[in-house]
Amino acid sequence: MLRKIVLLFFMISLSVAVNAYDIVIDGIYYILDSDSQTASVTLKEHKNGTYKSDYAGDVSIPESVVHQGVNYRVTAIGSHAFHGCQGLTAISVPTSVRMIGHFAFVRCSNLKSVMLSEGLDTIRSGAFAQCEALESIVIPNTVTAVHDHAFAGCVDLVSATMGKGVTSIMNSVLTGCSSLTDIVLLGEITEIGGMAFYCCTSLNAFNIPESVEYVDYSAFEGCSGLLCITIPRNIMQIGHNAFRLCYNIKDVYCYSPTVPLSSADIFGAYSDITCLDSATLYVPQDAIPQYISYSPWAYFFSVKPIEGQETGIELVQSDFGASSCFSPNGQRLPHPQKGINIINGKKVVVKCLPEGTPFVTLDGVERKLNSRNLMICNAEEPMCIAGVF
């Protein structure tokens, strides 16, 4: 699925027109602008949707070039300039370059080293997509925009640092970076875009920056190695499937004093979220009653206060017989409510199970549940149908 998405994105890009070069100096092709006396690095040939250049080895782009006695400052790397250069192993970009164009280095599969300089402002869509050998990237503080798919499919990328100027992680920026383990976000990030970290399967923890207000659809979908996620106090909205297929999630820390605006599927459809049966949600103590009243937060088996503050969840003991039931706040209930309950001093969860789940009823017969049956469950298995206890 991921490969189809990326390939479709690249096929659409083939309709982009790329100008022919004006000059070649020391093996680098340039387009010149005589009015501004600036130069852009470009490709050798574009014909019938095919991009050709012969860049190879370690390439260092100069800050300026001279042509016919005129000095031209190199300010851009044009779209598709190094497209598919299999022999390219390293690139050094000078301080004069302000922009790296669309798909500038796409499919440079042996590119291992990228040195970007302060002065760079914009990295366009797909600029380094499918650079499969690239192991790390540091985005300078002067960069204000890293566009969608910029590093999509960089499967060997282990670490990525976004400089102070980046305030939004755009859609699919690091999609499919399956080796990514370290992410440093230095700027005041306010939004994490759709599929930004889709299928980054080596991530095991992620602290969403305090400044983030919005996490878009599928932002962390398929991050199957993710064990812990921290959601900041300022979060306002979480998009559909933001954490879908994060099968190994164990701890979620949400510092928001109010339940963030979201649909019930931020951890996926009900059939996807069995992992929450053994996961712990940590929220501000006063907010616990709110969180356990809303899906999908109510599906966590354990809800605890942040920073070890005590609640009645673990302390309630029953003196009212075998079927006594309490809320997490210690209030006695006439019958179990959907979400977390305390029965006989033990935590149980009232929820629906997937269609067809087998369950042996009190008459000893194994039956298949439907998705509307409300069940009382412990950490390992369903105990009984709600209302029969």
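Coordinates for the structure precede this section.
Bear in mind the structure is a predicted one, so any value in this text is a computation, not a measurement.

(A) Broad picture of the sheet that holds strand β23 (residues 251-254). Pairing is parallel in the open sheet, where five strands are placed in the order β19-β21-β23-β25-β26. Pairing within the sheet leaves two strands with one partner each, and these edge strands are β19 (205-207) and β26 (302-305). Direction aside, the axes of adjacent strands within the sheet are offset by 15 degrees on average. Bridging between strand β25 (residues 280-283) and β26 involves four bridges; their strand directions are parallel. Residue pairing in the sheet places Leu 281 in a bridge with Val 303 of β26.

(B) Local environment of the environment of Pro 209. Take Pro 209: it is sitting in the loop between β19 and β20 (214-215). Taking relative accessible area as the criterion, Pro 209 reaches 16% and is therefore assigned buried. On a C-alpha basis, the gap between Pro 209 and Ile 189 in space is 6.8 Å, while along the polypeptide they are 20 residues apart. With near-sequence residues (within four places) excluded, Pro 209 lies in contact with Leu 185, Ile 189 and Pro 232.

(C) Looking closely at the sheet that holds strand β17 (residues 182-185). Sheet architecture is open: three strands sit in the order β13-β15-β17, paired in parallel fashion. A single partner strand is all that each edge strand has here, and the edge strands are β13 (136-138) and β17. With strand direction ignored, the average angle separating the axes of adjacent strands in the sheet is 5 degrees. In the sheet, β13 pairs with strand β15 (residues 159-162) via three bridges, with the strands oriented parallel. In the strand pairing of β15, Ser 136 is matched with Ser 159.

(D) Structural detail: the pairing of β15. Two strands pair when backbone bridges link them, and β15 and β17 are joined in this way by four bridges, in the parallel orientation. The residue of β17 that forms the bridge with Met 162 is Leu 185.

(E) Region of the structure containing unusual backbone geometry. The omega torsion of the bond from Ser 295 to Pro 296 falls at 0 degrees, within 30 degrees of zero and hence cis. Residue placement: Pro 296 occurs in the loop between α2 (288-291) and β26. A positive phi angle, near 55 degrees, is found at Phe 103, a position not held by glycine. Tracing the backbone shows Phe 103 in the loop between β10 (99-100) and β11 (113-115). What makes Phe 103 buried here is its relative accessible area of 5%.

(F) Geometry of the pairing of β23. Side-chain alternation along β23 places Val 252 and Cys 254 on a buried face and Asp 251 and Tyr 253 on a face that remains uncovered. Sheet topology places strand β21 (residues 228-231) next to β23; four bridges connect them, and they run parallel. Residue pairing in the sheet places Cys 228 in a bridge with Asp 251 of β23. Pairing analysis gives three bridges linking β23 to β25, with the strands arranged parallel. The partner of Val 252 across the bridge, within β25, is Leu 281.

Rules of the game
Residues numbered from 1 in each chain as written. Predicted model: local features only at pLDDT ≥ 70, side-chain atom pairs only at ≥ 80, totals over all residues. Heavy atoms only, no water. Pairing = 2+ DSSP bridges. Helix = DSSP H or I, 4+ residues; strand = E, 2+ residues; numbered from the N terminus. Axes fitted to C-alpha atoms, helices over the stretch in contact; angles between N-to-C directions. Buried < 20%, exposed > 50% of the residue type's maximum accessible area, 1.4 Å probe, protein only. Contact = heavy atoms within 4.5 Å.

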